[in-house]
Amino acid sequence: MKYAIPLPPTYALAIANNDEFFPVNRVFCVGRNYAAHAREMGKDPDREPPFFFMKPACAVVQAGEKEITIPYPPMTSNFHHEIELVVTIGKAGKDIPIEKALEYVHGYAVGLDMTRRDLQLDARDKGRPWEFGKSFAGSAPIGPIHIAKQIGHLSTATISLTVNDQPRQSSDIAKLIWSVAESISYLSSYETLEPGDIIMTGTPEGVGAVMPGDVMQGHIDTLGDIVVRVAK
Ligand code: MN
């Protein structure tokens, strides 16, 4: 096939202890999946059905224990961190039952759903889409993927984030309102999942702003750390 313009790049994530990379297809993000975070966003944490928004593949940035720097994005003055458990999908499936859902998990990683909170809340309050607040390039720094076949599936693990070594977010993935299996099952009833898809499972309480020069360190037990600096 002859393309009229250069092919767009493939975005990919490193796999821990492996020389292969995981090509990123779509990034699905669960909204308000920890009760204490739903409350801090002014919403009722009752167990309503989960909802999802998306980021483009170009949102994904490779992060890891070695510090990386991301730009402070334009058109915001309230750039927020959201530490999240990231799930990578290894095979296609639709209408996946909850008890089979973990078979579709390729691996797990630590990620950040970076958010232009002012734009997100303005859109939310006007009933408009969230894209400008959530779906910008570089908004999802993600660490190396740990393969589920090697580490097993995570049901409880500390998830935390510090900014300039000060604690900001600390919880446990056991507090997910919708578990990884439930999120996969629910999502797959709306959209056929494909290998390369990623699910960001939502953030616990303690979200807040970062300023140029700040250094975020995110951690999930078993999955290690990511260190992300915001450019001056
Ligand atoms: Mn989020």
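To be clear, the structure that these remarks concern was listed above.
All values derive from a computational prediction rather than experimental measurement.

What follows concerns the coordination of the manganese ion. Taken together, Glu82 (OE), Glu84 (OE) and Asp113 (OD) make up the full set of protein donors to the manganese ion, lying 2.0 to 2.1 Å away. All donors of the manganese ion belong to a single chain; written as a sequence motif, their spacing is E-x1-E-x28-D. Residue Glu82 is found in the loop between strand S7 (79-81) and strand S8 (83-89), and its partner Asp113 is found in the loop between strand S9 (105-112) and strand S10 (115-116); the two are separated by 31 residues along the sequence. For the pair shown, Glu82 and Asp113 are each scored as buried.

Right, let's talk about the sheet that holds strand S17 (residues 215-220) for a bit. Strand order in this open sheet of 5 strands is S6-S18-S17-S13-S14, and the pairing throughout is mixed. What marks the edges here is a single partner per strand, and that holds for strand S6 (68-70) and strand S14 (166-172). Strand after strand, the sheet turns through a mean of 20 degrees between neighbouring axes, direction not considered. Bridge count for strand S13 (residues 158-163) against S14 is 6 bridges, and the pairing is antiparallel.

Any pair of aromatic rings gets described here by the distance separating the centres and the angle formed by the planes. The final tally for this structure, using the stated rule, is 6 aromatic pairs. Measuring from ring centre to ring centre gives 6.3 Å for Phe52 and Tyr186, while their planes differ by 15 degrees; the resulting arrangement is stacked. In this pair, Phe52 is assigned in strand S4 (residues 52-55) and Tyr186 in helix H5 (residues 180-190), connecting sequence segments 134 residues apart. Using a relative accessible area of 21% as the deciding quantity, one classes Phe52 as partly exposed. One aromatic cluster is present, formed by Phe51, Phe53 and Trp130 through successive ring pairs. Over the ring of Phe136 we find Lys55; its NZ or CZ atom is 5.9 Å from the centre of that ring. Above the ring of Phe136, the side-chain terminus of Arg116 is found at 4.4 Å from the ring centroid.

Here is what the cut-offs are and how they apply
Residues numbered from 1 in each chain as written. Predicted model: local features only at pLDDT ≥ 70, side-chain atom pairs only at ≥ 80, totals over all residues. Heavy atoms only, no water. Donors = N, O, S within 2.8 Å, 3.2 Å for Na, K, Ca; no water. Helix = DSSP H or I, 4+ residues; strand = E, 2+ residues; numbered from the N terminus. Buried < 20%, exposed > 50% of the residue type's maximum accessible area, 1.4 Å probe, protein only. Pairing = 2+ DSSP bridges. Axes fitted to C-alpha atoms, helices over the stretch in contact; angles between N-to-C directions. Phe/Tyr/Trp six-rings, centres within 6.5 Å; stacked < 30°, edge-to-face > 60°. Lys NZ or Arg CZ within 6 Å of the ring centre and 35° of its normal.

The quantities given are spatial measurements derived from coordinates; they are silent on function.
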